[in-house]
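A closer look at the structure
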Amino acid sequence: MLLDTFASSEAVVADLQPAEPVFCFLPAELRAAARRFVAFPGRVLYAVKCNPHPFVLETLYREGITDFDVASLDEIKLIGGLFEKSAGQFFNNPAKTRPAIRVGSEEHGIRFYTADCTEEVEKILDEACLDDDLIVAVRLATAAKDARYTLTTKFGAPPDEAVRIVQMIKARGIKAGVSFHVGSQCLNPKSFSTAISLSGKVMRKAGVPISVLNVGGGFPAPYPGDRLPDISAYFANVMQGRRDIDLPPSCMLLCEPGRSLVATAGRVIVQVVVRRDRAIFLNDGVFGTLQELVSPLERRPVRVIRPSGPVSDRLMEFKIFGPTCDSNDVLGAPFLLPADTREGDWIEVDMMGAYSLSMRTRFNGFHTDRIVAVAS
Ligand SMILES: Cc1ncc(COP(=O)(O)O)c(C=O)c1O
């Protein structure tokens, strides 16, 4: 997909003078992130939910990431429409509708599913084609204390239950796998080896051959304020974990990153609608692309772009509100901006590639839909 391309954020502002938020893709960042995952010791699936824009999907595909973790019929159709059967689709949402399983299997050839209860396994076996390449992985609940976003409060079977489900899948003549998600923006690589060790215990106790270990997403983005080891430390931990449990070479290893592939590959240029003392009202907010910034822990690099002249060197903290008439439309952490920031200034919010476009709403008539590429 071709996007209008600009040399810099300054050029976007100069050319478009945008009164609406503009989402900018940074193709070079996206390609670099994809290349970092070449070192992962298994197959890399991109978690579509993180940023499903065709520009992302097509760029990753060209970089060799041709497998996708999908969660809904819409995502399945999106991938099918873009790549037909040349892309791998893995239906890893543990709670799927029957029509989505049926259409995914019959029309898109999906052979890999995830479940965290026997009821979901039965549903998959009712609806999917039962050829011998069908694989159902059991999502295991793991500790997520080092992650910004915990997923185990919603998904994952406790170890004993996971053992039972794996045995049930095998007893029905289907290939079984184990999967987990250590939580999004996981700040400690050891979370992966700990979760792999728990998966090893489940595999041993189940006592049946396991065809797949899926270590999920959770690989972090280098947001300001987060002290992170390099991504290679995460891959090293996965390799160590795999060695420790003596995973047989016949067992396929998967990961399904979202955030760490796309976070640095997108930014949003927003405009100041009104300044009220130390509060700034922007034209985008938590019902738009800034949804994740509702958390006081979420920081992003920000800077003012003012084509008409210089900005003050003195910085101060501003409380940031979004444009809707809803008092929840407020960011959790202040922005540090020039003291003379005023109506009409543009603000570049960097590192917004993940969970931004995919989470925007049309609430109150505000919807960010101007999408461009920035070459620098
Ligand atoms: C099943 C599944 N896989 C992968 C991901 C991607 O996670 P992340 O963006 O933290 O890499 C998620 C995110 O919630 C998920 O639910």
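Refer to the structure presented above.
To keep things clear, this report deals only with the structure shown in the data block. Please read all numbers here as calculations on a predicted model, not as lab measurements. (Residues numbered from 1 in each chain as written. Predicted model: local features only at pLDDT ≥ 70, side-chain atom pairs only at ≥ 80, totals over all residues. Heavy atoms only, no water.)

**Quick notes on the side chain of Ser 356**
Along the chain, Ser 356 falls in the loop between β18 (346-349) and β19 (370-374). Residue contacts for Ser 356: discarding those within four places in its chain leaves Phe 23, Cys 50, Gly 288 and Thr 289. (Helix = DSSP H or I, 4+ residues; strand = E, 2+ residues; numbered from the N terminus. Contact = heavy atoms within 4.5 Å.)

**Points about the pattern of salt bridges**
Pairing between side chains of opposite charge can happen when their charged atoms approach one another. Counted under the stated rule, the structure contains 25 salt bridges. Across the pair Asp 350 and Arg 267 runs a salt bridge, and its minimum N-O distance is 3.3 Å. Placement of the pair is Asp 350 in the loop between β18 and β19 and Arg 267 in strand β13 (residues 266-276), with a sequence separation of 83 residues. Of the residues examined, Arg 267 reaches a relative accessible area of 10% and is grouped as buried. Across the salt bridge formed by Arg 306 and Asp 345, the nearest N and O atoms sit 2.7 Å from each other. Placement of Arg 306 in the loop between β15 (302-305) and β16 (315-321) and of Asp 345 in the loop between β17 (335-338) and β18 is noted, with a sequence separation of 39 residues between them. Arg 306 gets classed as buried once you look at its relative accessible area, which sits at 10%. According to the relative accessible area criterion, Asp 345 is buried, its value standing at 2%. One salt-bridge network, in which partners are shared between bridges, spans Arg 148, Asp 226, Arg 259, Glu 292, Glu 298 and Arg 300. (Salt bridge = Lys/Arg side-chain N within 4 Å of Asp/Glu carboxyl O. Buried < 20%, exposed > 50% of the residue type's maximum accessible area, 1.4 Å probe, protein only.)

**Re the packing of helix α8 (residues 190-206) against helix α9 (residues 231-244)**
With their axes 8 Å apart at the nearest point, α8 and α9 run at an angle of 20 degrees to one another. In terms of their interaxial angle, α8 and α9 are classed as roughly parallel. Seen along the crossing, α8 lies across α9 with a hand that is right-handed. Here α8 contributes Lys 190, Phe 192, Ser 193 and Ile 196 to the contact with α9, which in turn contributes Tyr 234, Asn 237, Val 238, Gly 241 and Arg 242. Here the contact of α8 with α9 is built from residues that sort into four nonpolar, three polar and two charged. (Axes fitted to C-alpha atoms, helices over the stretch in contact; angles between N-to-C directions. Parallel < 35°, antiparallel > 145°, perpendicular 65-115°, else oblique. Left-handed = near helix turned anticlockwise from the far one by under 90°. Nonpolar A, V, L, I, M, F, W, Y, C, P; charged D, E, K, R; others polar.)

**Describing the site of the ligand**
Among the 14 residues in the neighbourhood of the ligand, the closest are listed as Lys 49, Ser 184, Glu 256, Gly 258 and Tyr 355. One nitrogen or oxygen atom from the main chain of Gly 218 is found 2.9 Å from an oxygen atom belonging to the ligand. At 2.9 Å, a backbone N or O of Gly 258 approaches an oxygen atom of the ligand. Within the complex, the protein chains bury 94% of what would otherwise be the 400 Å² of accessible surface of the ligand. (Near = heavy atom within 4 Å. Polar contact = N/O pair within 3.5 Å; in protein donor to acceptor, adjacent residues only side chain to side chain. Areas by Shrake-Rupley, 256 points an atom, 1.4 Å probe, with all protein chains shown as cover.)

**Side note on the side chain of Glu 348**
Considering the arrangement of structural elements, one finds Glu 348 in strand β18. Here Glu 348 falls in the buried class, since its relative accessible area comes to 5%. Polar contacts involving the side chain of Glu 348 include one to the side chain of Ser 9, which spans 2.6 Å. Among all residues touching Glu 348, those that are not within four sequence positions of it are Ser 9, Arg 267, Val 268, Pro 301, Val 302, Arg 303 and Ile 305.

**Looking at the packing of helix α5 (residues 98-108) against helix α6 (residues 118-127)**
Helix-helix packing is characterised by the crossing angle of the two axes and by the distance between the axes. Two numbers describe how α5 lies on α6: the axes approach to 9 Å, and their chain directions differ by 45 degrees. The pairing of α5 with α6 is recorded here as oblique in orientation. Like other packed secondary-structure pairs, α5 and α6 cross with a definite hand, here right-handed. Only Glu 120, Lys 123, Ile 124, Asp 126 and Glu 127 of α6 make contact with α5, whose side of the interface consists of Arg 98, Ile 101 and Arg 102. Among the residues forming the contact of α5 with α6, the class breakdown is two nonpolar, no polar and six charged.

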